[in-house]
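Topology and contacts: notes
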Amino acid sequence: MLTIGNISIDSPLVLAPMAGISDLPYRLINREYGCGFAFTEMICARSLVYESSKTLDMLASEDKDRPLGVQLLGGDPDTMKRALDILLPYSFDIIDLNAACPVKKVISKGRGAELLRDPVKLQMLLKVIVDHIDVPVTVKIRSGWDEESVNASEIARRAEDAGVSAIFIHGRTRVQGYSGTVDYRIIKEVKDAVKIPVIASGDGLTPVLIKKMFDETGCDGVAVARGALGNPWIFREACAYLNNETAPARPDVHEVVSIMKEHLKLSVACNGERRGIIRFRKFFPWYTKGMAVKELKTMVFKTGTLDSMMQLINAVKYVMDTGDISNMREIPVKFNQLPG
Ligand SMILES: Cc1cc2nc3c(=O)[nH]c(=O)nc-3n(C[C@H](O)[C@H](O)[C@H](O)COP(=O)(O)O)c2cc1C
């Protein structure tokens, strides 16, 4: 159980925000396996203010997709307030400010991890957000800008003073990006520095590493990002591992295929056929990681209809059951002959 402000979350395992990935279908699939809380994709406050249709689409949610946080990207207090006003009718459970994004295009505009370089400005921005809305506010930070300026504990204390309800921390510096290993020590320092919950992120790729994060840092929750790509099962497996329960069986190809189909159908239902297929494509190689279906993976990016993508997914089961890839080359014609 994890509590952020007045929001109770059933599991301390949450789905970390991932731009281009954490859409409604992806969140629903992960929730089925025990993820207790999720974020929308990162939303640019300025694009929201301009009511860009692409940005508004990212706010799609439904009852089963709760509790849900929206993560905002921005550095300007006025824009942020206008964005929050637009979000009001959507009744999100938590508003998170991104002070972690390492991308150059974002940094150059004074947003994301750039905010770590000016802790006072970040504190003021957080205070503006906290004062403007009634829902709990959180902040996602990194350990610091670079190795010489690791300041996560100071930032966390300032965020707490500003009225923030929880800290999400990715234990790498901005300069590290996603390279190197996560710094457990700095996450523990942050945990010791504040009274509000600390949710740790970084290298939670397996149940063992997730438990290691809890053990080494004393964090209140772990946010799983890359470990959940094509692998929603990580939530039920980590949950069992944390509770000293018997490890659930790894999903067999039938379970994987069944979830792939469910994910695809949700993606098409949420986005329409064309966009739904495009959004689903990148998940295909993740779901089939480690399976000897290389030929199929290369076909995914040429597959443009729901029917043909379904057949491609059926072909995964067929190839894995029979080991036969001989008739895969002329897909999609031959797909129609494959057993459902
Ligand atoms: C493709 C991708 C997109 C990401 N997008 C975001 C984002 O929009 N907001 C954010 O706070 N973190 C984002 N992250 C960082 C993750 O939330 C997480 O902190 C980081 O990947 C470390 O966790 P992991 O080792 O479990 O992947 C992203 C990471 C990846 C790999």
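Heads up: the structure comes first, above all this text.
Anyway, here's the lowdown on the structure attached to this text.

Moving on: the pairing of strand 11 (residues 221-224). By the alternation rule, side chains of strand 11 split into Gly221 and Ala223 and Val222 and Val224, which are all buried. In this sheet, strand 11 lies alongside strand 3 (residues 13-15) in parallel orientation, the contact comprising three bridges. Considered in strand 11, the bridge of Val14 is made with Ala223. Judged from the three bridges that link them, strand 10 (residues 198-201) and strand 11 form a sheet pairing that is parallel.

Bringing unusual backbone geometry into the picture now. In the segment running from Arg66 into Pro67, the intervening peptide bond is cis, with an omega of -10 degrees. Tracing the chain through its elements places Pro67 in the loop between helix 3 (53-57) and strand 6 (68-73). With phi around 50 degrees, Ser91 is a residue other than glycine that occupies positive phi space. As for its placement among the helices and strands, Ser91 is situated in the loop between helix 4 (77-87) and strand 7 (94-99). Looking at Ser91, the relative accessible area reads 48%, which means it is partly exposed.

Tallied over the full model, the rule gives seven aromatic pairs. Taking the centre distance of 6.0 Å and the plane angle of 15 degrees together, the rings of Tyr90 and Phe92 count as stacked. An aromatic cluster is defined as three or more aromatic residues linked by ring pairs; in this entry it consists of Tyr26, Phe283 and Trp286. Just above the ring of Trp145 sits the side chain of Arg117; from NZ or CZ to the centre is 3.9 Å. The ring of Tyr178 carries Arg142 above its face, with NZ or CZ at 5.3 Å from the centroid.

Between helix 9 (residues 207-217) and helix 10 (residues 233-242), the shortest axis-to-axis distance is 9 Å and the interhelical angle comes to 55 degrees. The orientation of helix 9 with respect to helix 10, classified from their angle, is oblique. You can see that helix 9 and helix 10 cross each other, and the crossing is right-handed. Every residue of helix 10 that contacts helix 9 at Pro207, Val208, Ile210, Lys211 and Phe214 is listed here: Ile234, Glu237, Ala238, Tyr241 and Leu242. Class assignment of the residues belonging to the contact of helix 9 with helix 10 gives a composition of eight nonpolar, no polar and two charged.

With that out of the way, let us pick up the environment of Val49. Relative to the elements of secondary structure, Val49 occurs in helix 2 (residues 45-49). Linking Val49 and Tyr90, residues 41 residues apart in sequence, is a C-alpha distance of 15 Å. The contacts of Val49, once residues within four sequence positions are left out, are Thr79, Arg82, Ala83 and Ile86.

So, how was this worked out
- Every chain is numbered independently, its residues counted from 1 as its sequence is written.
- Totals for whole chains, interfaces and linings use all residues, but because this is a predicted model, local features are given only for residues with pLDDT of at least 70 and pairs of side-chain atoms are given and counted only at 80 or more.
- In computing side-chain properties, one takes all heavy atoms of the structure into account and sets aside hydrogens as well as water.
- Partly exposed describes any residue whose relative accessible area lies between the buried limit of under 20% and the exposed limit of over 50%, with all areas from a 1.4 Å probe on protein chains only and scaled to the type maximum.
- Only DSSP runs of H or I with at least four residues qualify as helices, and only runs of E with at least two residues qualify as strands; both kinds are numbered from the N terminus onward.
- Two strands pair if DSSP finds at least two bridges between them.
- Two aromatic rings, drawn from Phe, Tyr or Trp (for Trp, its six-membered ring), form a pair once their centres lie within 6.5 Å of each other, and the interplanar angle then sorts them: stacked below 30 degrees, edge-to-face above 60, tilted otherwise.
- Placement of a charge over a ring requires the Lys NZ or Arg CZ to be within 6 Å of the ring centre, with the centre-to-atom vector within 35 degrees of the ring normal.
- Angles here are taken between N-to-C directions and fall from 0 to 180 degrees, while the axes themselves are lines fitted to C-alpha atoms, restricted in helices to the stretch in contact.
- Oblique is the label for any angle not under 35 degrees, not over 145, and not in the 65 to 115 range, which are roughly parallel, roughly antiparallel and roughly perpendicular in turn.
- Rotating anticlockwise by less than a right angle from the far helix to the near helix defines a left-handed crossing, while the corresponding clockwise rotation defines a right-handed one.
- Note on contacts: a residue pair is in contact if any heavy atoms of the two residues lie within 4.5 Å.
- Residue polarity follows a fixed list, in which Ala, Val, Leu, Ile, Met, Phe, Trp, Tyr, Cys and Pro are nonpolar, Asp, Glu, Lys and Arg are charged, and the others, Gly among them, are polar.

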